[in-house]
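The residues making up each chain are set out below.
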Amino acid sequence: MIENKSHLSDHPEWMYILRDSYELYRRTSAGGSAKIRKHQRSVREGLSRAIKANPEVCEREKQDKPVTRHLKRAMDNGRLERHAPFIRTLQTVINDLVWEYGYEKVPRGLEKKYAYAELAGPTGPVITNEVILGLVLFAPKCTYPAHAHDGITESYICLSGAVSENDQGVYAPGSLIFNPPEHLHRITVSEHEPALLL
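Residues numbered from 1 in each chain as written. Predicted model: local features only at pLDDT ≥ 70, side-chain atom pairs only at ≥ 80, totals over all residues. Heavy atoms only, no water.

Quick look at the packing of aromatic side chains
In step 1: Per the counting criterion, the structure on display carries three aromatic pairs.
In step 2: Aromatic pair Tyr114 and Phe138: ring centres 6.0 Å apart, planes at 35°, arrangement tilted. Of the two residues, Tyr114 is situated in strand 2 (residues 114–121) and Phe138 in strand 4 (residues 133–138); the sequence distance between them amounts to 24 residues.
In step 3: Take Tyr114: its relative accessible area is 6%, and that puts it in the buried class.
In step 4: For Phe138, a relative accessible area of 1% translates into the label buried.
In step 5: Feature note: the residues Tyr114, Phe138 and Tyr144 constitute an aromatic cluster, connected by ring pairs.
In step 6: One residue, Lys65, lies across the ring of Tyr101, its end atom 4.9 Å from the ring centre. (Phe/Tyr/Trp six-rings, centres within 6.5 Å; stacked < 30°, edge-to-face > 60°. Helix = DSSP H or I, 4+ residues; strand = E, 2+ residues; numbered from the N terminus. Buried < 20%, exposed > 50% of the residue type's maximum accessible area, 1.4 Å probe, protein only. Lys NZ or Arg CZ within 6 Å of the ring centre and 35° of its normal.)

Here we look at the pattern of salt bridges
In step 1: Within the structure shown, the criterion is met by nine salt bridges.
In step 2: Between Glu193 and Arg73 there is a salt bridge, and its shortest N-O distance comes to 2.6 Å. Of this pair, Glu193 sits in the loop between strand 10 (185–189) and strand 11 (195–197) while Arg73 sits in helix 3 (residues 71–78), and the two are 120 residues apart along the sequence.
In step 3: The exposure class assigned to Glu193 is partly exposed, which follows from its relative accessible area of 24%.
In step 4: Assessed through its relative accessible area of 45%, Arg73 is described here as partly exposed.
In step 5: A salt bridge links Arg186 to Asp167; the shortest N-O distance between them is 3.2 Å. Placement of Arg186 in strand 10 and of Asp167 in the loop between strand 7 (163–165) and strand 8 (170–171) is noted, with a sequence separation of 19 residues between them.
In step 6: One network of salt bridges, in which partners are shared, links Glu23, Arg26 and Arg27. (Salt bridge = Lys/Arg side-chain N within 4 Å of Asp/Glu carboxyl O.)

Describing unusual backbone geometry
Comment: phi is negative for the bulk of residues other than glycine, and the bulk of peptide bonds are trans.
In step 1: Cis geometry is adopted by the peptide bond preceding Pro125, which originates at Gly124 and carries an omega value of 10°.
In step 2: Structurally, the position occupied by Pro125 is in the loop between strand 2 and strand 3 (126–127).
In step 3: Positive phi outside glycine occurs at Lys141, with the angle close to 65°.
In step 4: Positionally, Lys141 belongs in the loop between strand 4 and strand 5 (143–147).
In step 5: Unusually for a residue other than glycine, Glu182 sits at a positive phi of about 65°.
In step 6: Here Glu182 shows up in the loop between strand 9 (176–179) and strand 10.

What about the sheet that holds strand 10?
In step 1: In spatial order, the strands read 5-10-7-8; together these four strands make up an open sheet with antiparallel pairing. The open sheet has two free edges, formed respectively by strand 5 and strand 8, since each of these has just one partner strand.
In step 2: Where strand 7 lies against strand 10, three bridges are found, and the strand directions are antiparallel. Within strand 10, the residue paired with Ser164 across the bridge is Thr188. (Pairing = 2+ DSSP bridges.)

Here it is in C-alpha coordinates:
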(Lines give C-alpha, C1' and ligand atoms only; values in the text may rest on other atoms or scores of the structure.)
Protein backbone atom coordinates (compact mmCIF):
# COMPACT_ATOMS: atom_id res chain seq x y z
CA MET A 1 0.00 0.00 0.00
CA ILE A 2 1.32 3.46 -0.94
CA GLU A 3 0.71 6.20 1.59
CA ASN A 4 -0.27 9.54 0.11
CA LYS A 5 1.63 12.37 1.71
CA SER A 6 0.02 15.75 1.96
CA HIS A 7 2.06 18.83 1.03
CA LEU A 8 1.71 22.59 1.34
CA SER A 9 0.32 22.91 -2.19
CA ASP A 10 -2.57 20.65 -1.09
CA HIS A 11 -3.47 23.04 1.76
CA PRO A 12 -4.18 26.57 0.53
CA GLU A 13 -5.10 27.67 4.06
CA TRP A 14 -1.55 26.95 5.27
CA MET A 15 -0.04 28.48 2.12
CA TYR A 16 -1.94 31.69 2.87
CA ILE A 17 -0.67 31.67 6.48
CA LEU A 18 2.95 31.53 5.28
CA ARG A 19 2.44 34.14 2.55
CA ASP A 20 0.58 36.52 4.86
CA SER A 21 3.27 36.09 7.53
CA TYR A 22 5.83 37.00 4.88
CA GLU A 23 3.87 40.17 4.16
CA LEU A 24 3.65 41.07 7.86
CA TYR A 25 7.43 40.77 8.15
CA ARG A 26 7.78 42.91 5.02
CA ARG A 27 5.37 45.67 6.08
CA THR A 28 6.07 45.90 9.83
CA SER A 29 8.39 48.81 10.61
CA ALA A 30 11.97 48.14 11.65
CA GLY A 31 12.01 51.54 13.36
CA GLY A 32 15.19 52.53 11.52
CA SER A 33 17.15 49.59 12.98
CA ALA A 34 19.48 47.87 10.52
CA LYS A 35 19.64 44.78 12.80
CA ILE A 36 15.84 44.43 12.89
CA ARG A 37 15.58 45.04 9.14
CA LYS A 38 18.19 42.29 8.55
CA HIS A 39 16.24 39.93 10.84
CA GLN A 40 12.97 40.66 9.02
CA ARG A 41 14.67 39.87 5.73
CA SER A 42 16.03 36.57 7.09
CA VAL A 43 12.53 35.58 8.30
CA ARG A 44 11.09 36.38 4.85
CA GLU A 45 13.86 34.40 3.16
CA GLY A 46 13.16 31.41 5.43
CA LEU A 47 9.45 31.62 4.66
CA SER A 48 10.18 31.86 0.92
CA ARG A 49 12.42 28.79 1.03
CA ALA A 50 9.77 26.88 2.98
CA ILE A 51 7.04 27.79 0.49
CA LYS A 52 9.23 26.91 -2.49
CA ALA A 53 10.12 23.51 -1.00
CA ASN A 54 6.40 22.56 -0.81
CA PRO A 55 6.93 20.82 2.55
CA GLU A 56 4.83 18.10 4.08
CA VAL A 57 1.83 19.17 6.13
CA CYS A 58 1.19 16.98 9.15
CA GLU A 59 -2.25 17.29 10.64
CA ARG A 60 -2.07 16.78 14.38
CA GLU A 61 -4.91 16.35 16.83
CA LYS A 62 -6.15 19.67 18.16
CA GLN A 63 -5.01 20.44 21.68
CA ASP A 64 -6.05 23.34 23.89
CA LYS A 65 -4.66 24.73 27.13
CA PRO A 66 -6.52 26.75 29.79
CA VAL A 67 -5.34 30.06 28.26
CA THR A 68 -7.11 29.29 24.97
CA ARG A 69 -10.34 30.40 26.65
CA HIS A 70 -8.95 33.89 25.91
CA LEU A 71 -8.31 33.13 22.22
CA LYS A 72 -11.68 34.30 20.88
CA ARG A 73 -11.28 37.66 22.63
CA ALA A 74 -7.71 38.01 21.32
CA MET A 75 -8.85 37.21 17.77
CA ASP A 76 -11.82 39.61 18.01
CA ASN A 77 -9.49 42.39 19.18
CA GLY A 78 -7.06 41.61 16.36
CA ARG A 79 -9.85 42.10 13.81
CA LEU A 80 -9.95 45.77 14.84
CA GLU A 81 -6.32 46.35 13.84
CA ARG A 82 -4.66 47.15 10.50
CA HIS A 83 -3.54 43.52 10.15
CA ALA A 84 -7.15 42.25 10.28
CA PRO A 85 -6.63 40.39 6.96
CA PHE A 86 -4.01 38.21 8.68
CA ILE A 87 -6.43 37.53 11.55
CA ARG A 88 -9.03 36.39 9.00
CA THR A 89 -6.45 34.07 7.42
CA LEU A 90 -5.52 32.76 10.85
CA GLN A 91 -9.18 32.02 11.57
CA THR A 92 -9.12 29.34 8.82
CA VAL A 93 -6.66 27.20 10.83
CA ILE A 94 -7.35 28.28 14.41
CA ASN A 95 -9.39 25.15 15.21
CA ASP A 96 -6.56 22.87 14.06
CA LEU A 97 -3.83 24.23 16.32
CA VAL A 98 -1.91 22.25 18.92
CA TRP A 99 -1.37 24.53 21.91
CA GLU A 100 1.63 23.58 24.02
CA TYR A 101 3.79 24.89 26.86
CA GLY A 102 7.19 23.97 25.48
CA TYR A 103 8.41 22.86 28.89
CA GLU A 104 8.57 19.51 30.64
CA LYS A 105 7.77 21.42 33.82
CA VAL A 106 5.76 24.59 33.28
CA PRO A 107 7.09 27.58 35.24
CA ARG A 108 4.92 28.32 38.26
CA GLY A 109 1.84 30.38 37.43
CA LEU A 110 2.04 29.95 33.65
CA GLU A 111 -0.15 26.85 33.22
CA LYS A 112 -3.33 28.97 32.97
CA LYS A 113 -1.83 32.11 31.45
CA TYR A 114 0.34 31.05 28.51
CA ALA A 115 0.61 28.65 25.58
CA TYR A 116 2.11 28.60 22.11
CA ALA A 117 1.14 26.90 18.87
CA GLU A 118 3.61 26.17 16.10
CA LEU A 119 2.39 26.99 12.59
CA ALA A 120 5.52 26.04 10.65
CA GLY A 121 8.69 24.42 11.92
CA PRO A 122 10.19 21.06 12.84
CA THR A 123 6.98 19.79 14.48
CA GLY A 124 4.52 21.32 12.00
CA PRO A 125 1.79 21.42 10.95
CA VAL A 126 3.93 22.78 8.06
CA ILE A 127 7.12 20.73 8.48
CA THR A 128 10.22 22.82 7.80
CA ASN A 129 13.65 23.56 9.22
CA GLU A 130 13.83 26.92 7.43
CA VAL A 131 11.98 28.92 10.09
CA ILE A 132 9.92 28.44 13.23
CA LEU A 133 6.67 30.37 12.94
CA GLY A 134 4.06 30.24 15.64
CA LEU A 135 1.60 32.01 17.89
CA VAL A 136 1.95 32.90 21.55
CA LEU A 137 -1.15 33.58 23.63
CA PHE A 138 -0.99 35.33 27.00
CA ALA A 139 -3.87 35.84 29.44
CA PRO A 140 -4.36 39.26 31.03
CA LYS A 141 -1.94 39.98 33.90
CA CYS A 142 0.47 37.26 32.75
CA THR A 143 4.13 37.63 33.65
CA TYR A 144 6.42 35.46 31.55
CA PRO A 145 9.64 35.05 33.58
CA ALA A 146 13.00 36.43 32.47
CA HIS A 147 14.85 34.12 30.11
CA ALA A 148 17.28 34.20 27.19
CA HIS A 149 17.76 32.01 24.12
CA ASP A 150 21.12 30.45 23.39
CA GLY A 151 22.06 31.14 19.77
CA ILE A 152 18.47 31.91 18.70
CA THR A 153 17.17 35.20 17.37
CA GLU A 154 13.50 35.66 18.19
CA SER A 155 10.92 38.22 17.19
CA TYR A 156 7.24 38.75 17.80
CA ILE A 157 4.66 40.80 15.96
CA CYS A 158 1.90 41.87 18.32
CA LEU A 159 -1.47 40.92 16.79
CA SER A 160 -3.69 41.99 19.69
CA GLY A 161 -3.42 43.21 23.25
CA ALA A 162 -0.38 44.95 24.68
CA VAL A 163 2.78 43.65 26.30
CA SER A 164 5.87 45.16 27.87
CA GLU A 165 9.34 43.67 27.67
CA ASN A 166 11.64 44.32 30.63
CA ASP A 167 9.37 47.22 31.66
CA GLN A 168 11.02 49.36 28.97
CA GLY A 169 8.18 50.14 26.61
CA VAL A 170 4.75 48.98 25.56
CA TYR A 171 4.24 46.94 22.40
CA ALA A 172 0.75 47.40 20.97
CA PRO A 173 -0.77 45.73 17.88
CA GLY A 174 1.47 46.11 14.86
CA SER A 175 4.66 46.42 16.95
CA LEU A 176 7.64 44.14 16.48
CA ILE A 177 9.65 42.89 19.47
CA PHE A 178 13.21 41.81 18.64
CA ASN A 179 15.29 39.57 20.92
CA PRO A 180 18.82 38.79 19.71
CA PRO A 181 20.61 35.70 21.10
CA GLU A 182 21.40 35.78 24.83
CA HIS A 183 19.16 38.85 25.37
CA LEU A 184 17.51 38.47 28.78
CA HIS A 185 13.83 39.36 28.49
CA ARG A 186 10.73 39.25 30.68
CA ILE A 187 7.23 39.86 29.31
CA THR A 188 4.27 41.35 31.15
CA VAL A 189 0.74 41.61 29.77
CA SER A 190 -1.87 44.34 30.24
CA GLU A 191 -4.35 43.93 33.05
CA HIS A 192 -7.62 43.63 31.14
CA GLU A 193 -6.95 42.09 27.71
CA PRO A 194 -5.15 38.98 26.44
CA ALA A 195 -2.23 39.34 24.04
CA LEU A 196 -1.71 37.34 20.85
CA LEU A 197 1.72 37.43 19.21
CA LEU A 198 3.02 35.96 15.95
